[in-house]
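Overview (structure and organization)
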Amino acid sequence: MNKVYPSASAALEGLLQDNMLIAAGGFGLCGIPELLIAAIRDAGVKGLTVASNNAGVDGFGLGQLLETRQVKKMISSYVGENAEFMRQYLSGELELEFNPQGTLAERMRAGGAGIPGFYTKTGVGTVIAEGKEHHDFDGQTYILERGIVADLSIVKAWKADPSGNLVFRKTARNFNVPAATCGKVCVAEVEEVVPLGSLDPDTIHLPGIYVHRIVTGTHEKRIEQRTVRKKEAV
Amino acid sequence: MAGESKGWDRNQMAARAAQELRDGMYVNLGIGIPTLVANYIPEGISVTLQSENGMLGMGPFPFEGEEDPDLINAGKQTITELPQTAYFDSATSFAMIRGGKIAMAILGAMEVSETGDLANWMIPGKLVKGMGGAMDLVAGVGRVVVVMDHTSKHGESKVLKACTLPLTGKAVVNRIITNLGVLDVVPGGLKIVVLADGVTEAELRAATEATILG
């Protein structure tokens, strides 16, 4: 079994269409599928709804798809780092559905696990709960949130084997796991494709059953907030 | 006089908040003054900091040249790992938050009410960036401590009978630490735990719209 494609465009061949729902991994600019986002930009599909915790920054990550007006709606928990996003949102060109971060992650996880909805305390008594079914369990009030099943998932991992088993690195794992599981089709971009048998089966973070296509390439891995401390003088 | 800075400064508020920590706790610190709490963890107390993007055991900022784009905190800042660090995905991260496994969150606030309502994510008419993980944290963790200025720049109380801003959570705050002192949310209103240095009870009461018992 070889799921490896020669380029991001090749890996997306036949999977893209206007008005589709895409789930994207990443947190801020950490662990985002930057090669696949660029390939979606080049493909020119429009009217996209994108479920992603953040919306990238101007000119990088999902910000690239905003600049080309390919995104109709974002489902996100925090979008503060993108001036073009705010301009389009405030002018009514872009729809935005705020989801609490954990609710968004669980909506993806549930969608991928065949669970159409789940009850959570998160957001009870806030604008998030408006219009949602409320239910009491053991004296506490919960709201019903729906699972997300995406037409396509795009994720970024550190290593893959040709069967699609993925290993992530540090906090770049983030939304990539739940996003990958909730797609009808999942394309993963990785820093390195390693031979079958070279990943320890006990340390696979995401089994290949969730991953349909793989592409590798050079990643910029931009840092959003570079914070450092000074070394003590010796 | 309204608007004068009185009582504790930012670092003193963070140091007071650090006294809430107990040995062995798993804790989530919000952005702003709560981040400073990590600088004041009392000697002999070991706490594990959670970063909700998917990490337990958050270390300090890296040395220059050692930044790793794959290692950031929930504020998107570069950080480091510790010997006890564990990484996990976002769904697992919020499962431990929602599941009550995180003992305490220390968060900033725009407004807080006498019934423990918290508003810290949205000002209508202003730029709205989103709630991030704040709604999940206040609904899920064992104890919520807010650290905030007691009054606005114009001297208006931010400790209110009822919040005016959209809520992050309803009846979720346990303890309020401000520049003027520490207050607990109890049935019927707020109870003074301690006054900040140089602040009188009359001054605290005058700066508070919420009901203070006793």
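Residues numbered from 1 in each chain as written. Chains lettered and ligands numbered in written order. Predicted model: local features only at pLDDT ≥ 70, side-chain atom pairs only at ≥ 80, totals over all residues. Heavy atoms only, no water.

Quick look at the nonpolar core
Grouped together as the largest cluster of nonpolar side chains are 54 residues, with contacts concentrated most on L21, V37, I106, L118, V146, V173 and I176 of chain B. For this core, the leading source of residues is strand β8 (residues 143-148) of chain B, giving five residues. Counting residues in hydrophobic clusters, the runner-up holds 38 residues, among them A11, I37, V71 and V187 of chain A. (Core = buried A, V, L, I, M, F, W, Y, C linked by side-chain atoms within 4.5 Å. Buried < 20%, exposed > 50% of the residue type's maximum accessible area, 1.4 Å probe, protein only. Helix = DSSP H or I, 4+ residues; strand = E, 2+ residues; numbered from the N terminus.)

A closer look at the interface of chain B and chain A
Listed by partner, the interface residues are 45 residues for chain B and 49 residues for chain A. Both faces considered, chain B and chain A share a buried interface measuring about 4200 Å² in area, 60% of it formed by carbon and sulfur atoms. When the buried surface of chain B facing chain A is broken down by residue, D70, K76 and K129 of chain B rank first, second and third, together holding 18% of it. Across the contact surface, chain B and chain A share eight salt bridges. K76 of chain B is the salt-bridge partner of E81 of chain A, the closest N and O atoms lying 3.0 Å from each other. Where chain B touches chain A, the interface holds 27 residue pairs in polar contact (both at pLDDT 80 or more). Top element by residues in the side of chain B that touches chain A is helix α3 (residues 90-98) of chain B. It accounts for four residues. Within the side of chain B that touches chain A, the residues separate by chemical class into 20 nonpolar, twelve polar and 13 charged. (Contact = heavy atoms within 4.5 Å. Buried area = accessible area lost by both parts, 1.4 Å probe. Salt bridge = Lys/Arg side-chain N within 4 Å of Asp/Glu carboxyl O. Polar contact = N/O pair within 3.5 Å; in protein donor to acceptor, adjacent residues only side chain to side chain. Nonpolar A, V, L, I, M, F, W, Y, C, P; charged D, E, K, R; others polar.)

What to know about the confidence of the model for chain B
The share of residues in chain B with pLDDT of 70 or more is 98%, and the mean pLDDT across the chain is 95. Reported for the predicted complex are a pTM of 0.96 and an ipTM of 0.96. (pLDDT = per-residue confidence, 0-100.)

As for the sheet that holds strand β6 (residues 134-137) of chain A
Residue and element names in this part refer to chain A. Pairing is antiparallel across the open sheet formed by three strands, whose spatial order is β5-β7-β6. Every other strand in the sheet has two partners, leaving β5 (117-120) and β6 as the edge strands with one partner each. Between one strand and the next, the sheet's axes are offset by a mean angle of 40 degrees, whatever the strand orientation. In this sheet, strand β7 (residues 140-146) lies alongside β6 in antiparallel orientation, the contact comprising four bridges. Opposite H135, over in β7, you have Y142 as the bridge partner. (Pairing = 2+ DSSP bridges. Axes fitted to C-alpha atoms, helices over the stretch in contact; angles between N-to-C directions.)

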